[in-house]
Amino acid sequence: METMRRKLMPGVYLTYIQERKFKTNVLSAQMIAPLEEAHAAANALLPAVLRRGTARCSDMQALSAVLDDLYGARIDCTVRKKGEKQCVGFVASFIDERVVPGGEKLLEPVAELLGDLLCNPATRSGRFVPDYVRGERENLVDQIRGQINDKRVYAQLRMLREMCRGEAYGVSRLGSERDAEKLGPKKLYQRYTELLSAARLELFYCGSAEIARLEQALLSAFSTLPRAELAEEPPVLPHAPAGAARYFTEEMDVTQGKLAVGFSCASEDYPALMLFNMIYGGSSTSKLFMNVREKESLCYYASTMLHRQKNLITLSSGIEVKDYEKALDEILLQLKLAQQGAIEDWEEAGARSTIRHGLRAMGDSLGQLEEYYLGQAATGRMETVEELAREVDAVTRERMLDAAAGIALDTVFFLKNRSGEEVAAQ
């Protein structure tokens with residue numbers, strides 16, 4: 001699988017993968033903006049409002065009719081957080097032309113529709129259609145409020161907010177409910193024009209089309225995009241470790257305690273940290289799963305995630321409230337043991353195999369490929385899936401332990417039931 005990245009015009013970049021094994025193609029257009037509390041809700045609302053209609057297709061019914069004519073093509077709006085960037089836009093999927101009766105061309109009309117959605121939205125009196133904004137604003141507010149319904153996700157969001165307070169990484173990809181409720185057609189359209197002229201546009205394509213034809217289709221589709229050389233983007237600042245670990249507790253009507261833990265990483269050796277994280281808590285053969293869950297029966301689940309862009313590791317676990325101290329102590333003990341090198345050969349081999357399989361499987365999913373390369377582009381990296389796999393394979397035990405030595409406890413957040421036992425003061 002060959003991957004190319006090219007600059008199409010000022011502030012517009014294309015990541016291209018020519019792959020003939022899929023019967024569908026993916027074409028994605030994402031505006032990349034700094035993740036800021038002041039603009040997060042407006043940015044999150046924009047794709048949904050833009051998806052309601054264009055100057056040519058003024059409502060969703062007309063848009064659906066066009067997509068139906070394109071053999072059931074689909075365009076979804078997206079709001080994602082990649083590092084300290086907010087990525088908003090659209091992902092289109094459509095069948096590969098090799099299986100279309102008569103060889104009808106689909107790439108150009110799909111690209112044109114994406115360009116219209118982004119650059120030529122349905123408007124009224126120089127602003128967005130009020131009914132569209134009102135309806136999608138209510139949906140966004142409901143989505144923000146609904147985050148609390150998944151207590152596992154909610155605990156992670158709260159922990160990251162506390163851990164990265166004052167840093168862009170602590171901002172939710174959806175923004176705040178308060179800011180969302182204030183958005184109207186005029187204010188939102190103003191933010192749209194700012195993004196359109198100042199945000200980097202990342203395009204991604206995976207399919208069988210030749211790159212010359214793809215470039216021509218995209219240049220035509222986005223010809224009205226206001227472009228100039230964009231200002232240099234600010235670098236992602238590393239997380240400032242707390243020093244002494246911080247502890248937060250919140251009470252809610254829950255039947256199971258939710259423990260979210262954040263660790264800071266001093267090393268920037270991502271492949272080494274990736275391998276260590278998999279051994280510690282990244283799989284069903286990890287130390288957390290085998291010891292905290294299976295051996296000690298102190299949790300219902302326990303898993304970790306490595307956040308490459310901020311050099312953080314976060315842990316998520318479901319526990320009985322009464323087992324809080326025992327579970328946290330065992331979680332930290334397993335980290336210490338792993339850092340000291342108490343790792344069996346089979347644990348390391350299993351972790352390497354899991355990573356290798358996951359990266360290899362990524363090549364079989366258009367969605368995962370688009371997600372991966374968006375993250376790479378948004379955060380200024382050029383590493384292909386194949387290159388990352390080779391880098392992990394090259395990590396030695398010594399190198400992994402050197403990287404792991406800089407992992408330190410930073411923030412602990414515990415969500416417990418209102419009638420549960422009090423967490424001992426830390």
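What this report covers is the structure whose coordinates are included nearby. (Residues numbered from 1 in each chain as written. Predicted model: local features only at pLDDT ≥ 70, side-chain atom pairs only at ≥ 80, totals over all residues. Heavy atoms only, no water.)

So, about unusual backbone geometry. Its identity as a non-glycine residue notwithstanding, Tyr71 has a phi of 60°, on the positive side. Relative to the assigned elements, Tyr71 resides in the loop between helix 2 (60–69) and strand 4 (74–82). Using a relative accessible area of 35% as the deciding quantity, one classes Tyr71 as partly exposed. The phi dihedral of Ser125 falls on the positive side, at around 55°, and the residue is not glycine. Relative to the assigned elements, Ser125 resides in the loop between strand 6 (123–124) and strand 7 (127–128). With relative accessibility at 73%, the residue Ser125 sits in the exposed group. (Helix = DSSP H or I, 4+ residues; strand = E, 2+ residues; numbered from the N terminus. Buried < 20%, exposed > 50% of the residue type's maximum accessible area, 1.4 Å probe, protein only.)

Here we take up empty space enclosed by the protein. Using the criterion set out here, one finds one cavity of 30 Å³ or more in the structure. For the largest cavity, the calculated volume is near 50 Å³. Elements with a minimum of two residues in the lining of the largest cavity: strand 3 (24–34), strand 8 (200–207) and helix 13 (366–378). No other element matches helix 13, which puts four residues into the lining of the largest cavity. Considered class by class, the residues forming the lining of the largest cavity number five nonpolar, three polar and two charged. (1 Å grid on protein atoms, 1.4 Å probe; cavity = no way out; pocket = protein on both sides within 12 Å on 5 of 7 lines; lining within 4 Å. Points joined across faces, edges and corners; volume = space filled by probe spheres on them. Nonpolar A, V, L, I, M, F, W, Y, C, P; charged D, E, K, R; others polar.)

On to the nonpolar core, then. Core analysis: the largest hydrophobic core is formed by 64 residues, its most contacted members being Leu27, Leu118, Leu201, Leu203, Tyr205, Leu218 and Phe222. The leading source of residues in this core is helix 3 (residues 107–119), at eight residues. Leaving out residues up to four positions away in the same chain, Phe222 has contacts with Met9, Ala29, Leu114, Gly115, Leu118, Cys119, Leu201 and Leu203. Grouped together as the second largest cluster of nonpolar side chains are 56 residues, Leu275, Ala327, Leu328 and Tyr373 included. (Core = buried A, V, L, I, M, F, W, Y, C linked by side-chain atoms within 4.5 Å. Contact = heavy atoms within 4.5 Å.)

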